[in-house]
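What follows is the residue order along each chain.
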Amino acid sequence: MQRERSPQHPKFSIGIDLGSNTLRAVKRDCVGGVFVAEYERIVRTADGLTETGRIAPEALERIVAALEEARKQIGFDGALLRAVTTEAMRRAENATEVLKTIRERTGVVFEIIEADEEARLTLTAVRYRLQLLKEPEDSFVLVDIGGGSTELIFVVGGRTLARSFPLGIVTLSQEAQGDLVRVESLLEIRLKPLEEFIMEAVEVMGRPKRFIATAGTPTTIAAMKHGMDYRSYDAARINGTQLDRGELRGWLAKLLAMSPRERERTVGVGRDDLIAAGILIFEGIFRVLDFEECLVIDDGLREGVALELCRS
């Protein structure tokens, strides 16, 4: 595991998650036991990956710029830092070259983590938030819909079973060329492996009592439900939000009825087509899980990384 040089017993930890669409960072006060700063920027890491198999030079520049902005905004100095990256870099044939350039230009050393490590760290963060919310954590299925992959994690009776699938809002949207009718058609095929895994997990572990969702699509819908836009987004209000399967099409219709400027203000620049595809993926997962409602948690991979660094 490679990390920036830091004090042996740091007061702060920083977790950085470079996903297929977004770069997210969070800073935690290990002594006070609270998150004190966060950063998020859409960098579209996987833009063009489906067609070329490579991280584009433009994406590299966006990542470098975002890291420099994050350094200024939350402060990296004197903190124990771990930076991880996931599906886009796992798939990109030029990942080694890209990460080397990022290290040379920013000093941040990323490690490509496997899907099981991604699921474990995300689960760590979600469980932490459930404890703070005083929500039961003994029986649930956690779904993390990312830009390049989707993770399903079953937690039942003290046992955990997780699997990652190459189904993400960026890659699916680009494969469908932004056509939502084609997205739905592709989903019929892409959801079959998830459905098979769900049947297997339920047979082995039993049916979980709750459905919990994290990542950009469910948190964006939750924000819309609370009347928030991209700039006024407040994670504290998102955590614990209940979403019903039946309301998803309504939020999709509302999003599509907006002007381009309204959509950008609501979900962020360059995210409107992705969130639309994400809503269809989310609805499909509701269906194959056979749940009618879910609990939304904002915490994810970056929080899991920061929490574990403090504990270590």
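Preceding block: the structure.
Position numbers for residues start from 1 in each chain and track the written sequence from start to end. The model is predicted, so local features are restricted to residues of pLDDT at least 70 and side-chain atom pairs to those at 80 or more, both for listing and for counting; the totals for chains, interfaces and linings are taken over all residues. Side-chain numbers here rest on the full set of heavy atoms in the structure, without hydrogens or water.

*Asks:* Got a sec to walk through the environment of Val 143? Specific residues and values, please.
*Replies:* Numbering goes from the N terminus for both helices and strands, where a helix is a DSSP run of H or I of at least four residues and a strand is a run of E of at least two. Summarising the element assignment, Val 143 is placed in strand β6 (residues 139–145). Per-residue accessibility, obtained with a 1.4 Å probe over protein chains only, is compared with the maximum for each type, and a residue is labelled buried under 20%, exposed over 50%, and partly exposed between these values. Residue Val 143 is classed as buried on the basis of its relative accessible area of 0%. On a C-alpha basis, the gap between Val 143 and Ile 285 in space is 8.5 Å, while along the polypeptide they are 142 residues apart. Should any heavy atoms of two residues lie within 4.5 Å, those residues are counted as being in contact. Aside from chain neighbours lying at most four places away, what touches Val 143 is Thr 150, Glu 151, Leu 152, Phe 211, Ile 212, Ala 213, Thr 214, Ile 285 and Leu 289.

*Asks:* Run through the sheet that holds strand β8 (residues 159–165), naming residues and quoting values.
*Replies:* Sheet strands pair by backbone hydrogen bonding; their relative direction is either parallel or antiparallel. Spatial strand order, β8-β7-β6-β9-β11-β10: six strands in an open sheet with mixed pairing. On the outer flanks of this sheet lie β8 and β10 (241–244), each paired with one strand and no other. Along the sheet, successive strands turn relative to each other by an average axial angle of 25°, direction set aside. Interaxial angles span 0 to 180 degrees and are taken between N-to-C directions of axes, which are lines fitted to C-alpha atoms, for helices over the stretch in contact. Its contacts with the sheet place helix α9 (residues 216–225) against β6, β9 (210–214), β10 and β11 (293–296), and it is angled at close to 100° to β10. Only when DSSP finds a minimum of two bridges between them are two strands counted as paired.

*Asks:* Let's hear about helix α7 (residues 180–190): which residues, and what values?
*Replies:* Within the span of α7, buried status applies to Val 183, Leu 186 and Leu 187. Seen end-on, α7 carries its buried residues on one side only, within an arc spanning 110°. Counted as exposed and oriented over 90 degrees from the buried face of α7: Val 181 and Ile 189. Polar contact is the term for a pair of N or O atoms within 3.5 Å; when the atoms are in protein, one must be able to donate a hydrogen and the other to accept it, and sequence-neighboring residues count only if both atoms are side-chain atoms. Where α7 starts, the residue carrying a side-chain oxygen 2.9 Å from the main-chain nitrogen of Val 181 turns out to be Asp 179. Throughout, the arc means the angular range of directions from the helix axis out to the C-beta atoms.

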